[in-house]
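Spelled out from the first residue to the last, the chains are:
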2 protein chains.
Amino acid sequence: MGETYGIADLAKEFGVTTRTVRFYEDKGLIAPAREGQRRIYSPRDRVRLRLIMRGKRLGLTLDEIAELMDLYDVDPSEVTQLKQFIDVIRDRKTVLEGQKKDIEETLAEMTRLERQCTQLLSQKQTKK
Amino acid sequence: MGETYGIADLAKEFGVTTRTVRFYEDKGLIAPAREGQRRIYSPRDRVRLRLIMRGKRLGLTLDEIAELMDLYDVDPSEVTQLKQFIDVIRDRKTVLEGQKKDIEETLAEMTRLERQCTQLLSQKQTKK
DNA sequence: GAGAAGGTTTACGTTTACGTAAAGTAGGCT
DNA sequence: AGCCTACTTTACGTAAACGTAAACCTTCTC
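Residues numbered from 1 in each chain as written. Chains lettered and ligands numbered in written order. Predicted model: local features only at pLDDT ≥ 70, side-chain atom pairs only at ≥ 80, totals over all residues. Heavy atoms only, no water.

A. Representation of the confidence of the model for chain A. Put simply, chain A has an average pLDDT of 90, and 98% of its residues get 70 or more. The lowest-confidence element of chain A is helix H4 (residues 62-73) of chain A, averaging 88 in pLDDT; the highest-confidence one is helix H2 (residues 18-26) of chain A, averaging 95. (pLDDT = per-residue confidence, 0-100. Helix = DSSP H or I, 4+ residues; strand = E, 2+ residues; numbered from the N terminus.)

Here it is as structure tokens:
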């Protein structure tokens with residue numbers, strides 16, 4: 001048997017409340033085992049939680065995160081499904097690449113602003 | 001006098017409803033001129049709308065977008081303000097860099113998945 | 001001058017992602 | 001036994017970001 005975790009452990013680790021973790025279960029994003037009525041989380045559940053958090057940092061909705069995680073679980077039996085699957089992945093990639101571009105643009109602007117400010121600041125301080 | 005736009009023009013250009021554009025005004029994100037009771041948008045308003053949309057693609061809330069846009073409007077009079085300003089910019093940059101990393105990780109996984117799938121697919125099709 | 005097209009305010013409705021409170025259970029300590 | 005602590009379900013509340021409907025101006029066109 002591998003490592004297991006209680007709900008409070010994971011909540012603390014990821015900086016959310018236990019309510020949040022249960023909510024994700026309600027939404028079908030994780031499905032921990034039970035011991036009596038208590039939830040027991042496996043390392044796999046923990047990985048899924050990590051993926052959820054990353055998705056959230058990317059601004060995805062929980063539904064979108066669910067879709068994304070389904071991608072990892074698809075079984076490659078049917079050719080048709082495989083093709084559809086590849087399309088979905090490509091769409092995702094396109095979105096992500098757009099986001100990456102947005103971030104790089106914004107980062108560039110931030111850097112420019114920062115430079116302007118530090119320059120202004122040093123000017124003011126040499127005048128004194 | 002420069003170019004001006006009606007609310008429907010901008011809504012259409014950015015793929016949102018007029019309700020949305022007015023909502024952003026309510027939130028203080030844009031402040032178009034008026035001609036009588038009608039809203040008249042300047043190129044500057046349009047730029048702000050573009051920034052709003054980019055912020056949304058990055059998963060920011062409207063409040064966060066407002067903060068970000070305030071950065072562009074700050075006047076560099078007080079040294080104290082300048083220093084605070086630089087801190088804010090650096091925080092933003094840290095967040096953005098984290099997001100960029102998340103995206104790159106996810107992109108890498110998507111690419112890996114895509115490769116697996118195309119490979120599987122070609123295997124299946126040669127067997128036929 | 002009647003209506004159609006496009007704009008306006010006001011205001012209630014909706015979805016998402018939880019917060020928060022209530023009330024019960026189950027095991028451990030002393 | 002009695003209490004504490006951690007967990008559970010149930011359920012109502014809430015903030016954000018609009019959707020949607022109602023009722024009212026203008027202005028243009030025919």
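The rest of the description comes next.
B. Inspection of the relation of the copies chain B and chain A at higher detail. Placing chain B over chain A gives an RMSD of 0.1 Å and needs a rotation angle of 180 degrees, together with 0.0 Å of translation along the axis. Read as a symmetry element, the transformation amounts to a two-fold axis. Among all C-alpha atoms of chain B, that of Gly59 of chain B lies closest to the rotation axis, at 2.0 Å. Interface overlap between copies: 100% of the residues of chain B at the interface are likewise at the interface in chain A, consistent with a symmetric, same-surface contact. (Least-squares fit on C-alpha atoms with pLDDT ≥ 70 in both. Contact = heavy atoms within 4.5 Å.)

C. Fine view of the protein's contact with DNA strand C. Around DNA strand C, a shell composed of 17 residues is seen, among which Thr17, Tyr24, Lys56 and Leu62 of chain A together with Arg39 of chain B lie nearest. Sugar plus phosphate, as a fraction of atoms of DNA strand C within 4 Å of the protein: 67%. The side chain of Tyr24 of chain A places a nitrogen or oxygen atom 2.8 Å from a phosphate oxygen of DNA strand C. Between a phosphate oxygen of DNA strand C and a side-chain N or O atom of Lys56 of chain A, the distance comes to 2.7 Å. Taken together, the elements giving at least two residues each to the surface near DNA strand C come down to H2 and H4 of chain A together with helix H1 (7-14), helix H2 (18-26) and strand E2 (38-40) of chain B. Considering each element in turn, the surface near DNA strand C owes the most residues, four residues, to H2 of chain A. Within the surface near DNA strand C, the residues separate by chemical class into five nonpolar, four polar and eight charged. (Near = heavy atom within 4 Å. Polar contact = N/O pair within 3.5 Å; in protein donor to acceptor, adjacent residues only side chain to side chain. Nonpolar A, V, L, I, M, F, W, Y, C, P; charged D, E, K, R; others polar.)

D. Just the domain arrangement of chain A, in detail. Here chain A is described as being made up of domain 1 (1-58) and domain 2 (74-128). One C-alpha centre belongs to domain 1 of chain A, the other to domain 2 of chain A, and the line joining them spans 28 Å. (Domains from an automatic or database assignment.)

E. Structural detail: the pattern of salt bridges. Inspection of every chain in the model, using the stated rule, returns 20 salt bridges over all chains. We note a salt bridge from Glu109 of chain A to Arg54 of chain B, for which the minimum N-O separation is 3.1 Å. In this pair, Glu109 of chain A is assigned in helix H5 (residues 79-127) and Arg54 of chain B in helix H3 (residues 43-57), connecting two distinct chains. For Glu109 of chain A, a relative accessible area of 19% corresponds to the buried category. Classification of Arg54 of chain B by relative accessible area gives buried; the value is 9%. As a salt-bridge pair, Arg90 of chain B and Glu114 of chain A come within 2.7 Å of each other at their nearest N and O atoms. Of this pair, Arg90 of chain B sits in helix H5 (residues 79-127) while Glu114 of chain A sits in helix H5, which puts the two residues in different chains. You can call Arg90 of chain B partly exposed: its relative accessible area is 41%. With a relative accessible area of 12%, Glu114 of chain A lands in the buried category. (Salt bridge = Lys/Arg side-chain N within 4 Å of Asp/Glu carboxyl O. Buried < 20%, exposed > 50% of the residue type's maximum accessible area, 1.4 Å probe, protein only.)

F. Highlighting the nonpolar core. Counting 63 residues, the largest nonpolar core has Tyr24, Leu49 and Ile52 of chain A together with Tyr24, Leu49 and Ile52 of chain B as its most contacted members. Sequence-distant contacts of Ile52 of chain B, defined by excluding residues within four places in its chain, comprise Tyr24, Leu29, Leu62, Ile65 and Met69 of chain B. (Core = buried A, V, L, I, M, F, W, Y, C linked by side-chain atoms within 4.5 Å.)

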